[in-house]
Amino acid sequence: MKATITAIAHSVPSEVYDNQWFEDKIETTDEWIRTRTGIRERHFAPEGQGVTDIILPAAQEALRRRGLTPADVDCIILCTVTPDRVFPSSAAILQRKLGAINAWGFDLAAACSGFVYGIYTAAKLIESGAVRNVLLCGGDKMSAIIDFTDRATSVLFGDGAGVVFMEPGTDDAVGVMDAILKMDGNGEQFLHQKAGGSMRPPTIETVTNREHFVYQEGQSVFKSAVKGMADVSYEIMERNGLSAADVAWLIPHQANLRIIDATADRMGLSKDKVMVNIDRYGNTTSGTIPICMSELYESGRLEQGDNLVLASFGAGYTWGAVLVRWGLPRIQSEEGLA
């Protein structure tokens, strides 16, 4: 029995911020941002909203498409590095807002690799019989931890979320087929948040020193990401006997267009087999891959039996690749989305 995706949806805040918005705030230009990252706009949630507010519409839509109610949800896994609060978990907060009165669940923090870690975790819970289904959410409100005075990082991120509903499949030829997940804690020094945890709790000093934002040594992270994401994506193809012709889509984490291109090249894939939406959303961290999957589905470009390689690299370092064989039929045209 394989765990399979039976519904999918995504949501982003309504407010769009293009590259020109940054030109009045930091020393940058639209051309500089586009040529180095591939990003031209992103969405930011308003103050007072948390990541669960971004996720909630996608969760509701996924359940609607599946024809279920919130009471039918057995388990919620919420992948994020920007929880509403330190505690309780954002999974618990989403459970309340959604009305999923019969669900238990937890948050999963693996930075940009959150969703690939999460989909494998959800699959194994389902395949073991421990749960009947999982509402798997990947999302972040990165605007809450961006230093908008930092030219190097502020332009990279956006807010957004994607949700998949997962259940036991009836056909072992589709579902979550394989995963290779990796981690190297030596990467901590290059990508982290300096303060806010138990080692360095918030103080007047940490706030004054702007230590509650994303800190990144860009070149070190870029070099590790190019190799890590490309190698693990090729490895999962090789382990499953897949050639480039057998892969319908590479669905990569949307951090940088050059990293995406390097991964596709390593796999031998042409650009028409690579899902890219970084230009419209930026890096939504745990949200990038499920948003990409949802947009592919809504556009009618996913076919039953398609081999999808989901690949990511994030803080930790964490990285990995998951092989999914798509099982949903094309979305019905009467929904106005295909």
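Look above for the structure.
Cut-off values and rules
Residues numbered from 1 in each chain as written. Predicted model: local features only at pLDDT ≥ 70, side-chain atom pairs only at ≥ 80, totals over all residues. Heavy atoms only, no water. Helix = DSSP H or I, 4+ residues; strand = E, 2+ residues; numbered from the N terminus. Axes fitted to C-alpha atoms, helices over the stretch in contact; angles between N-to-C directions. Parallel < 35°, antiparallel > 145°, perpendicular 65-115°, else oblique. Left-handed = near helix turned anticlockwise from the far one by under 90°. Contact = heavy atoms within 4.5 Å. Nonpolar A, V, L, I, M, F, W, Y, C, P; charged D, E, K, R; others polar. Phe/Tyr/Trp six-rings, centres within 6.5 Å; stacked < 30°, edge-to-face > 60°. Buried < 20%, exposed > 50% of the residue type's maximum accessible area, 1.4 Å probe, protein only. Salt bridge = Lys/Arg side-chain N within 4 Å of Asp/Glu carboxyl O. Pairing = 2+ DSSP bridges. Core = buried A, V, L, I, M, F, W, Y, C linked by side-chain atoms within 4.5 Å. Polar contact = N/O pair within 3.5 Å; in protein donor to acceptor, adjacent residues only side chain to side chain.

Bringing unusual backbone geometry into the picture now. Following Phe87, the chain continues to Pro88 via a peptide bond in cis, the omega torsion being 0 degrees. Locating Pro88 in the fold gives a position in the loop between β4 (75-79) and α4 (90-98). Here the amide bond leading from Gly316 into Tyr317 is cis, since omega sits at -5 degrees, within 30 degrees of zero. If you trace the backbone, Tyr317 turns up in the loop between β12 (307-314) and β13 (318-325). A positive phi is found at Ala111, a non-glycine position, where the angle reads about 55 degrees.

Let us now look at the packing of helix α3 (residues 51-66) against α4. Relative to each other, α3 and α4 sit at 55 degrees, their axes nearing to 10 Å. Judged by the angle between their axes, α3 and α4 are oblique. Crossing of α3 against α4: the hand is right-handed. Every residue of α4 that contacts α3 at Val51, Thr52, Asp53, Ile55, Leu56, Ala59, Gln60 and Leu63 is listed here: Ser90, Ile93, Leu94, Lys97 and Leu98. A class-by-class count of the residues in the contact of α3 with α4 yields eight nonpolar, three polar and two charged.

If you walk through the whole model with that rule in mind, you get 12 aromatic pairs. An angle of 35 degrees between the planes, with centres 5.9 Å apart, marks the rings of Trp104 and Phe106 as tilted. According to the relative accessible area criterion, Trp104 is partly exposed, its value standing at 44%. Phe106 sits in the partly exposed class, given a relative accessible area of 25%. Each ring, one from Tyr297 and one from Trp326, has its centre 6.0 Å from the other, and the planes form 50 degrees; the classification is tilted. Of this pair, Tyr297 sits in helix α10 (residues 288-298) while Trp326 sits in the segment after β13, and the two are 29 residues apart along the sequence. Like Tyr297, the residue Trp326 is buried in the burial classification. Ring-pair connections join several aromatic residues into one group, and the members of that group are Tyr17, Trp21, Phe22, Phe44 and Phe148.

Our next topic: the pattern of salt bridges. All told, the structure shown has 18 salt bridges when counted by the stated rule. One network of salt bridges, with partners in common, ties together Glu61, Arg64, Arg65 and Glu298.

The mixed open sheet is built from four strands, whose spatial order is β8-β13-β12-β11. Edge positions in the sheet fall to β8 (175-183) and β11 (249-252), since each has one partner strand and no second. Strand-to-strand twist across the sheet, computed as the mean angle between neighbouring axes with direction ignored, equals 15 degrees. Packing against the sheet, helix α5 (residues 114-128) makes contact with β8, β12 and β13, and its axis sits at approximately 130 degrees to β8.

Moving on, we come to the nonpolar core. In this structure, Ile119, Met166, Ile251 and Leu310 are the most contacted members of the largest nonpolar core, which totals 39 residues. When residues of this core are assigned to their parent elements, the largest contribution, eight residues, is made by α5. In this structure, Leu250, Ile260, Met267 and Ala321 belong to the second largest nonpolar core, which totals 37 residues.

As for its placement among the helices and strands, Thr80 is situated in the loop between β4 and α4. Judged by relative accessible area, which is 3%, Thr80 ranks as buried. One polar contact links Thr80 to Asp140, side chain to side chain, over a distance of 2.7 Å. Setting aside its immediate chain neighbours within four residues, Thr80 contacts Val51, Leu108, Ala109, Gly139, Asp140 and Ser286.

With that settled, consider the pairing of β13. Buried residues dominate β13, accounting for seven of its eight residues. Taken together, the eight bridges between β8 and β13 define a ladder with antiparallel strand orientation. Bridged to Lys182 within β13 is Trp319. In this sheet, β13 lies alongside β12 in antiparallel orientation, the contact comprising eight bridges. Residue pairing in the sheet places Ser312 in a bridge with Gly320 of β13. Following β12, the chain reverses through three residues before pairing antiparallel with β13; Gly316 in that reversal takes a positive phi of roughly 145 degrees.

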